Amino acid sequence: MTERREDIDGVVDQVLGDLETMSYEAVAARWKTSRGKVYSLAVARNARKHEARISERKAERARRQQEFLREVMNASQKADVLDFLAGLPDESVALQFTSPPYNVGKNYGGSGDSDRLRFHFYLGFLLQVVSEMNRTLMPGGVLALQTGQTRDDAGYLCPLDTILFSYLKEMGLLYQSRVAWCIPHGLTPDRRLAERYETILIFSKGEPRVFNANPVRAPQKQPGKRAFKGPNKGNLSGHPFGSHPTNVWQIGNVGHNHPERVFGAHPAQMPGEVARRAILLYTNPGDLVCDVFEGSGTTHAECQKLHRSFVGCDLFYEDLRLKRLASVVPEMVCQLPGVTDESLAVWQAEVKEVRYTPSPESIRNNEQMVLAELSGG
């Protein structure tokens, strides 16, 4: 077997040796094979003709992408989504969070034509976008795609999440959750059930690097509940910061009289709480968040509040976003929505005084550390 492997390697070396002075076609004819197989061998060995120039182009592309990222950081861009994503470096984004247009004829930017594409053309466009979002995700980064329903060319409804799910898995992304964003109000259709939820597909590039449960916990229904058996019998059984986050989010939509409504706003403005939860769950302060269908600027506004870096774009509503973002003030405290007055009182009642007597050795060590600091050593 070893000799056979050496024979194959020897032939490959001869083929690639010929390629240094001959064309792909001439080498293929000499070895009675196809041009494609010769090229594949050259790719596998980094021995393509003009390999140095190809490597230079890749390095130049990476340099330009880094430069572009610096230019667009923490700003709102008016740009085509695919052009914008092509400018971002590989593995640079911690969270890709967006809600794409559903292709149902919404009047974006004054015209419904931008949201009325042929079904498979729309699907192909969306898969290009998601593929680029995947490319730009860093290892452990998260893609959160908020989706509703589209219509096929015959006019029948199709849930976008069911269409996209298998493609996201085929891209190598790891499924994490399917969030039901429950909406209390909406249109009442004729002869079918009223739609009262949309979904957020959450995938990661490998195991998620961040999962912060505490900022998005909910209040415990019974904060005083205690374990009735086992090693923790008699102790409080809940978490002091509230119950663990679930995949059901009860968040009202932004109607015409909603306090978040931006004057002259996007026809489908996203509530800040939807973006906020995704950002808090899957990023840390300073991490980069991207929204390539930025719309009225909801994701960007929440990033500013939560001290996250941001990049994003949209073809429309540029002036509206700039005006909105100019009034956003960063938050100076981390909210814990799962903590209530009742739960705080329950846990405070559990506080027990603990006395600690330091050993002589630890006292001497502390004294030496203080003296070292005072002496500048």
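Residues numbered from 1 in each chain as written. Predicted model: local features only at pLDDT ≥ 70, side-chain atom pairs only at ≥ 80, totals over all residues. Heavy atoms only, no water.

K.L.:
Tell me about the packing of aromatic side chains, and please be specific about residues and values.
P.N.:
One pass over the structure, following the stated rule, counts eight aromatic pairs. By the ring-pair criterion, three or more aromatic residues cluster together here, those being Phe165, Tyr175 and Phe203. (Phe/Tyr/Trp six-rings, centres within 6.5 Å; stacked < 30°, edge-to-face > 60°.)

K.L.:
Give a description of helix 9 (residues 298–306) that names residues and reports values.
P.N.:
For helix 9, the tally of buried residues reaches seven of nine residues, placing the bulk of the element in the interior. When helix 9 is considered as a whole, its buried residues turn out to be Thr298, Thr299, His300, Ala301, Glu302, Cys303 and Leu306. Its buried side turned inward, helix 9 meets strand 1 (76–78), strand 2 (93–98), helix 8 (272–282), strand 9 (288–291), strand 10 (309–314) and helix 10 (318–325). Within two residues after helix 9, His307 carries a phi angle of roughly 65°, on the positive side. (Buried < 20%, exposed > 50% of the residue type's maximum accessible area, 1.4 Å probe, protein only. Helix = DSSP H or I, 4+ residues; strand = E, 2+ residues; numbered from the N terminus. Contact = heavy atoms within 4.5 Å.)

K.L.:
Which residues make up the environment of Val130, and what are the values?
P.N.:
Checked against the element boundaries, Val130 lands in helix 6 (residues 119–136). Excluding its chain neighbours within four sequence positions, the residues that come into contact with Val130 are Leu143, Leu145, Leu168 and Met171.

K.L.:
I'd like to hear about the pattern of salt bridges, residue by residue, with values.
P.N.:
Tallied over the full model, the rule gives 16 salt bridges. Between Asp90 and Arg135 there is a salt bridge, with its nearest N and O atoms 2.5 Å apart. Note that Asp90 is positioned in the loop between helix 5 (81–86) and strand 2 and Arg135 in helix 6, a separation of 45 residues in sequence. Arg277 is the salt-bridge partner of Glu273, the closest N and O atoms lying 2.9 Å from each other. In this pair, Glu273 and Arg277 are both assigned in helix 8, four residues apart and thus about one turn of the helix distant. Judged by relative accessible area, Arg277 falls into the buried class, the value being 19%. (Salt bridge = Lys/Arg side-chain N within 4 Å of Asp/Glu carboxyl O.)

K.L.:
Please provide a residue-by-residue account of unusual backbone geometry, values included.
P.N.:
Although it is not a glycine, Lys32 adopts a positive phi angle of roughly 55°. Within the secondary structure, Lys32 is located in the loop between helix 2 (24–30) and helix 3 (35–44). Given a relative accessible area of 75%, Lys32 falls into the exposed group. One non-glycine residue, Asn103, lies in the positive phi region at around 65°. Along the chain, Asn103 falls in the loop between strand 2 and helix 6.

K.L.:
Before we move on, could you go through the sheet that holds strand 3 (residues 137–147) and cite the residues and values that matter?
P.N.:
Pairing within the open sheet is mixed, and its eight strands lie in the order 1-10-9-2-3-7-6-8. On the outer flanks of this sheet lie strand 1 and strand 8 (248–250), each paired with one strand and no other. Going across the sheet, the axis of each strand differs from the next one's by a mean of 20°, ignoring polarity. Bridge count for strand 6 (residues 174–182) against strand 8 is three bridges, and the pairing is parallel. Counterpart to Trp181 in the pairing with strand 8 is Trp249. (Pairing = 2+ DSSP bridges. Axes fitted to C-alpha atoms, helices over the stretch in contact; angles between N-to-C directions.)

K.L.:
How would you explain the environment of Glu71 if you had to name every residue and give the values?
P.N.:
Tracing the sequence through the fold places Glu71 in helix 4 (residues 51–72). Look at Glu71 and you get exposed, because its relative accessible area is 56%. Expressed as a C-alpha distance, the spacing of Glu71 and Met332, which sit 261 residues apart in the sequence, is 27 Å.

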